[in-house]
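Here is what each chain is made of, one letter per residue.
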Amino acid sequence: MSKDLAVDVHDLRKTYSGGFFWSKKFEALKGISFSVARGQTFGLLGPNGAGKTTFLKILMGIISKSSGSATMLGKPAGSREGRKRIGYLPEQLRMLGHLNAFNALELYGNLSNIPTSTVKAKRDHLLEMVGLSEWGKVRVGKFSKGMRQRLGMAQALLHDPELLILDEPTDGLDPKARAEMRAIINKLSDDGVTVFLNSHILQEVELICDHVAILDNGELKYSGPVEQLDSFVSQLNRGASGSTELVVEFELAGSIEHVNEIFPQTTMQQYERIAGDANQHRFKVSLADQAAIDNRVDNLRKRQVSILGLSKQQITLESAFLQLIDDPQEKSATLADPAPLNPPASA
Amino acid sequence: MLRPYLAIIKDSFRAAIANRLLIVLLLIITVFLLALAPLNFQESIESGILFRPGARTGNQVPRPDALVTYLIENQDKPDVAKFASYLDKSDLDRIKKDLEAGKDNIHEQIERGETVIGALESAIEDENLYDPKIWDLNKSINQELVDFHSRGIEKLSSGEKKRLNRLLVSNTFPGLVLPPSQSLVKIRYLYKKITESHSGMELYRSQVTIYLPYLMDKFVLSIGLLIAVLVTAPLMPTMFDPGSLSLLLSKPISRWGLYLSKFIGGCVFVALLAAYLFIGVWFLLGFRLGLWDRSILLSIPIYVIVFAIYFSVSAFVGMYFRNTIIAVIVTALFWAVCFTGGTIFKMFDGVNQKTKIAYVVQANGQVLQLNDIGAPAIWDTEEKQWVNAPVDDIEKQNYMANYTFSFLPFIPQGGLPTTYSGIRPVYCPKYNFVIGGANLMLADPNSFSKPRIFYANLENKAYQPQVLGYLSGSGIEFLVRPDGDLILVTGFGKFQRLAGDPEEFIGQQDAKPADTKTTKTNTDQKKSSRGGPSNMNKATQLVDFKKMFKPAGPDQPTSIASDRMVDLNQATGEIAVYNRKKISIFREGNDGDYLLDRTVDVNVPFDSTMTTWIQYQGNQLYLAFGNGEITVFDGNSLKMQKSYIPEKKSAIKQINASPNGQFLVVNYRNGNTWLLDVKDLDDIRKRNFVGQGNISYASFDKNNKLWIADRTDRLLQYDPETLERGNPEYNPKIIGFRWYYWWIRLVYRVLPKPGEFYKLVTHLSSSTETKKDSNLDLTQMDEPSNPWEPFVSGVIFMCIMLALACFVFHRTDY
């Protein structure tokens, strides 16, 4: 284990037991391994039930691991020494309702062994930073969900943590507040704080994080820089020939017979006529590389088919995520299926 | 280092203040204290006559009929005549007529007493009652009267004159109207009297000091505990709310520290409220009633611990289920289980204590045991069980009343007359019968202090006792001489010898009522006893005891306070008596009468009223005292040989010497039993008897074998030399009641004991100086059950609950 790693996980497993005499077992983490270097802004992605919160709770010592190893800032996950240096914002935070914002900061600061005087010195700045400067003496019970999240963020920063673990930090926030929260995280990141973000809002991760890990069904699908994700996905999608496949959208004008000579109907995806004109076509095809695209363009021109438009599809985090979390069998079926690709139901 | 944990405790208060709970509770307590504030007391001069017929305490006219008779018969005395002048003539005539007619029904006696006492009270109200020609106060032995006289009667206030009159009443009727207490203390709410104490201020204070912890215990354990549990129940479920718990658990604090801090927070919260309440009550009682009772202050930490015991359950349930309602319900159920378990145990234990073997008679192959209240049982050799001996309905009612008292969950201060008293039965081998007597404790004025004598002829080998009647003459003990003669010892120190076979005397009563012709059976005995209490004496008298027992000396009797203080030497036939620090040995003279042979004064530092036992067997005489001291004397020279105090805290229950004098067995109330072998006078110790610590009876038989009863009703035989068990032994199976008893006792030991904490408060608040007095008569005091026991067991339970909760919290994934 390196001291330069903020989080280091090896073959981490967690099995829940339930039912009559704990006879039913559910494996929430199936031996995941990855690491987060200090200074990174790291996003942990995964659909609901993927094991993200389980993973974070193991890191924080809220639940115990079944096997494997996990460290935070060089200390065993869940250890008190580790927790001293971490700021944590849990998912769906409900602070004790009898506290006002000042009291809450004092309580959670004291729990992190920060003297009340220090808390008092810092609290105005922190509340201002999260946009609650006018709400210090208001009972937390009267706070909206978003305000509670922001107060949670403030308490997580009280003791100047080296690692900030945020579980769905923008959940419940309006777009403006989300932007503000992102700004805070970006600033912290700029200040050298390692941020570990657990979120299912992919765009947010894409905007904030430089590294991501994708969990699905307890298994780690990817861990690495965001910018390498498309090549990873591309490699993953490489066909049987071993070549990378590119998805290209064509907008053509000409007879469909000529088009089909170049693109057999079975290879066309999301075919549609442009403006209802029988001689104008829009569709996508998967091609091996740029040479293949050039070859198709040459052949189309030979057959007097006009090229109204041509665009090479970029692999977004969302599409990569969707491709990664899909079942491999389903994925291959989807790729072979000419039916239109549906966008994800939600982020 | 403690900052995080102190923050949790502080947060408990924030929670309480935020939901206005603390303020509401403080308000309620303040209202309660304000409501108590108008309490006050008024001490005034006592001048009344307390007449409480039948009451065990506080009655200043113990024998109303004797007062009436004295007033009627002594009118030649000017002081008596003066008081008699306040009686209406019609009343006076009626009383005289009634007395002449012999109307001695108890209700008539009381009614006559009330009439005379009414006249005396009228006299007391008369400020001109005092007549210097009648009463010479200078010669009075009452210092208060002398003081009144020296101050000048005319200068006395109206109240003081009434006091003077009241003292004159006691002066005129000494022993018939007891002197009044120093003052009358009235407890009032504003100006309305609630209660009054005739015991004087000091006694009133001491009574309140005794009762207050008991009352507070009931109050705190009912309303206070319920409120405290309700108020603190949400603490844990709130903390364990999933939304807030994750954040708490992410902080660098230990889980057990988090849990215990929250627990302590709840306790501190309750402690503050309790302190406000109790200190308020303490100040109020101090300022308003003059009672500065420290037990109130001692109650604060003790009841916070009591609360903490229940809170440990509430907190555990709240932590596990994360639900306030479940926490409250389970805690209330737990309290109910503890309270019910304790109550059931007390009931079972009360009966169990009463049914322990207290005395054994071995008679012609049969074994008769009497339990603590004197109910007899016979050993059934076939069933190998004790079977209840036949008794009549009166006895059944007597035993039932005793058992009922033992069912009371709380024994009132001063206790109840629950122990057996009477004349212990003995076996007379000469005529092959068992004879004994039992005092009735039911409200029968005629039977009081007169034992009903039971007699059972064993000719037909069956124990079928019959009642011979009430034995008058204060008989206290039957002794069997080595030659088989039966000696009845009276409280006056007279010995009476059985004149012949008792069968000959049955039915020889001169004025025998018609319905007693066939009273040899129990059925008929029952019929005769229905005639009413006042007639029972005559109706059931079968035997003329004056004919049955003939005087057998001594000429110079020495009064005997108790059957403990007389013993008959089985080797010499001599009778030893202890009275007022003096041992007297009586031997049989040539005419068969006993005469005083030798005496010795016993040099002991304590009061002569100290409870004493005497045993005189072989050449050894043993004395045992209420303070636990045992002294061995040489039987002939009556020189002291050795003195011990084997057990300092428990009172001696009984001692018994082997007929050869070699051994002395000492049985204590705490169930310990010590054995002394005079061959080595230094060697007195607890021996390895089965059931040591739970032994209820230990005695030697005529063959010098030691019999020890333990458990409840097991009777085992030992050779005192070798301590080997012998045969036969009477070892019944544990069945029925006792089986349940052992199980309930186990549960009782484990669970907290909510109803017993006042004992610790009383113990801590009572004076410690008196406990160190080695001359205290331990038999006159309650057996010191360890007052810390409920506290210690409760704290152990709480610690186990907290440890369990911390373990579960530590192991649980949230």
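As the structure is a prediction and not an experimental result, all values here were calculated from the model.

Thoughts on the pattern of salt bridges
All names here are of chain B. Applying the stated criterion across every chain yields a total of 40 salt bridges over all chains. Residue Glu477 pairs with Arg424 through a salt bridge whose shortest N-O separation is 3.2 Å. With Glu477 in strand β12 (residues 475–480) and Arg424 in strand β8 (residues 422–428), the pair connects residues that are 53 residues apart, well separated along the chain. Here Glu477 falls in the buried class, since its relative accessible area comes to 5%. The exposure class of Arg424 is partly exposed, given its relative accessible area of 29%. Between Glu721 and Lys679 there is a salt bridge, and its shortest N-O distance comes to 3.5 Å. In this pair, Glu721 is assigned in the loop between β30 (714–718) and β31 (725–730) and Lys679 in the loop between β26 (673–677) and β27 (684–686), connecting sequence segments 42 residues apart. Residue classification places Glu721 among the partly exposed positions, given a relative accessible area of 45%. One salt-bridge network, held together by shared partners, links Lys430, Arg481, Asp483, Asp485, Arg497 and Glu588.

Here's the deal with the confidence of the model for chain B
Residues and elements named next belong to chain B. Predicted confidence across chain B gives a mean pLDDT of 81, with 87% of residues reaching 70 or more. Residue range residues 409–420 is modelled with pLDDT below 50. Its contacts to residues more than four positions away, or to other chains, number 27 contacts. Across the interfaces of the predicted complex, the ipTM metric reaches 0.78, alongside a pTM of 0.72.

Focus: the interface of chain B and chain A
Taken together, the contact pairs 29 residues of chain B with 31 residues of chain A. Summed over both sides, the interface between chain B and chain A buries roughly 2,700 Å², with carbon and sulfur atoms accounting for 56% of that surface. Inspection of the region where chain B meets chain A yields four salt bridges. Across the pair B:Asp813 and A:Lys14 runs a salt bridge, and its minimum N-O distance is 2.6 Å. For the side of chain B that touches chain A, the secondary-structure elements that each account for two or more residues are α1 (3–18) and α11 (242–250) of chain B. Broken down by element, the residue count for the side of chain B that touches chain A peaks at 10 residues, all from α1(B).

Observations regarding empty space enclosed by the protein
All names here are of chain B. For the coordinates displayed, the defined rule picks out two cavities of 30 Å³ or more. Reported here for the largest cavity is a volume of approximately 150 Å³. In terms of lining residues, the largest cavity is bounded by 18 residues, among which Leu370, Pro376, Pro425, Phe454 and Tyr463 are the most central. Looking at the lining of the largest cavity, the elements with two or more residues in it are β8, β9 (433–438) and β10 (452–457). When residues in the lining of the largest cavity are grouped by element, the largest group, five residues, is from β9.

Re the packing of helix α5 (residues 145–157) of chain A against helix α6 (residues 175–190) of chain A
Residue and element names in this part refer to chain A. Contact geometry of α5 with α6 gives a least axis separation of 12 Å together with a crossing angle of 15°. Our classification of the angle between α5 and α6 gives roughly parallel. For the element pair α5 and α6, the recorded crossing hand is left-handed. Where α5 approaches α6, its residues Gln149, Arg150, Met153 and Leu157 are matched on the opposing element by Glu180, Met181, Ile184, Ile185 and Leu188. Split into classes, the residues belonging to the contact of α5 with α6 amount to six nonpolar, one polar and two charged.

Details of the environment of B:Gln662
All names here are of chain B. When you line up the elements, Gln662 lands in the loop between β24 (652–657) and β25 (663–668). Spatially, the C-alpha atom of Gln662 lies 9.9 Å from that of Asp680, the residues being 18 residues apart in sequence. Polar contacts involving the side chain of Gln662 include one to the side chain of Asp677, which spans 3.2 Å.

A few points about the sheet that holds strand β18 (residues 582–588) of chain B
Residue and element names in this part refer to chain B. Strand order in the open sheet formed by four strands is β16-β17-β18-β19, and the pairing between neighbours is antiparallel. The open sheet has two free edges, formed respectively by β16 (566–568) and β19 (594–601), since each of these has just one partner strand. Between one strand and the next, the sheet's axes are offset by a mean angle of 20°, whatever the strand orientation. Pairing analysis gives five bridges linking strand β17 (residues 575–579) to β18, with the strands arranged antiparallel. The residue of β18 that forms the bridge with Tyr578 is Ile583.

Considering the nonpolar core
Core analysis: the biggest nonpolar cluster contains 161 residues, and A:Phe55, A:Leu151, A:Met153, A:Ile165, A:Phe196 and B:Tyr259 have the highest contact counts within it. If you tally residues by element for this core, the top one is helix α13 (residues 294–321) of chain B, at 16 residues. In this structure, A:Phe55 is in contact with A:Val7, A:Val9, A:Leu12, A:Leu29, A:Ile32, A:Phe34, A:Leu44 and A:Phe196, ignoring residues within four places of it in sequence. Membership of the second largest hydrophobic core comes to 44 residues, among which are B:Ile378, B:Tyr427, B:Val434 and B:Ile453.

Description of the packing of aromatic side chains
Going through the model one piece at a time under the given rule, you end up with 46 aromatic pairs over all chains. Three or more aromatic residues link up through ring pairs in this structure, and these residues are A:Phe34, A:Phe42, A:Phe55 and A:Phe196. Across from the ring centre of B:Trp613, 5.5 Å away, lies the NZ or CZ of B:Arg564, which sits over that ring.

Points about the confidence of the model for chain A
Residue and element names in this part refer to chain A. For chain A, mean pLDDT is 83; residues scoring 70 or higher make up 87% of the total. The element-level mean pLDDT for chain A is lowest in helix α12 (residues 328–336), coming to 38, with helix α3 (residues 101–111) highest at 93. Within the model, the stretch residues 328–347 combines pLDDT values under 50 with 18 contacts to residues more than four positions away or in other chains.

Re the pairing of strand β3 (residues 192–197) of chain B
The two faces of a sheet get side chains in turn, since along a regular strand they alternate between them. All names here are of chain B. Relative to β3, strand β2 (residues 183–189) runs antiparallel, the two sharing five bridges. Each bridged residue has a counterpart across the sheet, and for Arg188 the counterpart in β3 is Lys193. The turn joining β2 and β3, which pair antiparallel and follow one another in sequence, is formed by two residues; a positive phi near 55° is taken by Leu190.

Quick look at unusual backbone geometry
Omega for the bond connecting B:Gly553 with B:Pro554 falls within 30 degrees of zero, at -10°, which places this linkage in the cis form. Mapped onto the elements, B:Pro554 comes out in the loop between β15 (549–551) and β16. For the bond from B:Asn727 to B:Pro728, the omega torsion is -5°, close enough to zero to count as cis. Positive phi, normally seen in glycine, also occurs at A:Asp11, with a value near 45°.

Digging into a nonpolar patch on the surface
All names here are of chain B. There is a patch of nonpolar side chains on the surface, built from Ile279, Phe283, Phe287, Trp292 and Leu297 and spanning about 490 Å² of accessible area. Take the nonpolar patch: its biggest share by element is three residues, from helix α12 (residues 255–289). Within the element layout of this structure, Phe287 appears in helix α12. Here Phe287 falls in the exposed class, since its relative accessible area comes to 60%.

Digging into α5(A)
Helix length check: α5(A) (13 residues) gives 19 Å between terminal C-alpha atoms against 18 Å at 1.5 Å per residue, within 8%. In terms of burial, α5(A) is largely enclosed, as 12 of its 13 residues are buried. For α5(A), the complete set of buried residues consists of A:Gly146, A:Met147, A:Arg148, A:Gln149, A:Arg150, A:Leu151, A:Gly152, A:Met153, A:Ala154, A:Gln155, A:Ala156 and A:Leu157. On its buried face, α5(A) is in contact with β6 (86–89), α3, α4 (116–129), β7 (163–167) and α6 of chain A together with α11 of chain B.

Some details on the packing of α3(A) against α1(B)
In a packed pair of helices, the relevant descriptors are the angle between the two axes and the axis-to-axis distance. Across the interface, α3(A) lies against α1(B) with an axial gap of 7 Å and an inter-helix angle of 150°. Regarding the angle of α3(A) to α1(B), the classification is roughly antiparallel. For the pair α3(A) and α1(B), contact is made by A:Asn103, A:Glu106, A:Leu107, A:Asn110 and A:Leu111 and by B:Arg3, B:Pro4, B:Ala7, B:Ile8, B:Lys10, B:Asp11 and B:Arg14, respectively.

Brief notes about α12(B)
Along its 35 residues, α12(B) runs 49 Å from first to last C-alpha, staying within 8% of the 51 Å computed at 1.5 Å per residue. Phi for B:Gly290, located one or two positions after α12(B), is positive at around 75°.

Thresholds applied
Residues numbered from 1 in each chain as written. Chains lettered and ligands numbered in written order. Predicted model: local features only at pLDDT ≥ 70, side-chain atom pairs only at ≥ 80, totals over all residues. Heavy atoms only, no water. Salt bridge = Lys/Arg side-chain N within 4 Å of Asp/Glu carboxyl O. Helix = DSSP H or I, 4+ residues; strand = E, 2+ residues; numbered from the N terminus. Buried < 20%, exposed > 50% of the residue type's maximum accessible area, 1.4 Å probe, protein only. pLDDT = per-residue confidence, 0-100. Contact = heavy atoms within 4.5 Å. Buried area = accessible area lost by both parts, 1.4 Å probe. 1 Å grid on protein atoms, 1.4 Å probe; cavity = no way out; pocket = protein on both sides within 12 Å on 5 of 7 lines; lining within 4 Å. Points joined across faces, edges and corners; volume = space filled by probe spheres on them. Axes fitted to C-alpha atoms, helices over the stretch in contact; angles between N-to-C directions. Parallel < 35°, antiparallel > 145°, perpendicular 65-115°, else oblique. Left-handed = near helix turned anticlockwise from the far one by under 90°. Nonpolar A, V, L, I, M, F, W, Y, C, P; charged D, E, K, R; others polar. Polar contact = N/O pair within 3.5 Å; in protein donor to acceptor, adjacent residues only side chain to side chain. Pairing = 2+ DSSP bridges. Core = buried A, V, L, I, M, F, W, Y, C linked by side-chain atoms within 4.5 Å. Phe/Tyr/Trp six-rings, centres within 6.5 Å; stacked < 30°, edge-to-face > 60°. Lys NZ or Arg CZ within 6 Å of the ring centre and 35° of its normal. Patch = residues over 30% accessible without salt bridge, like charges linked within 9 Å, V, L, I, M, F, W, Y side chains within 5 Å. Areas by Shrake-Rupley, 256 points an atom, 1.4 Å probe, with all protein chains shown as cover. Expected span 1.5 Å × (residues − 1).

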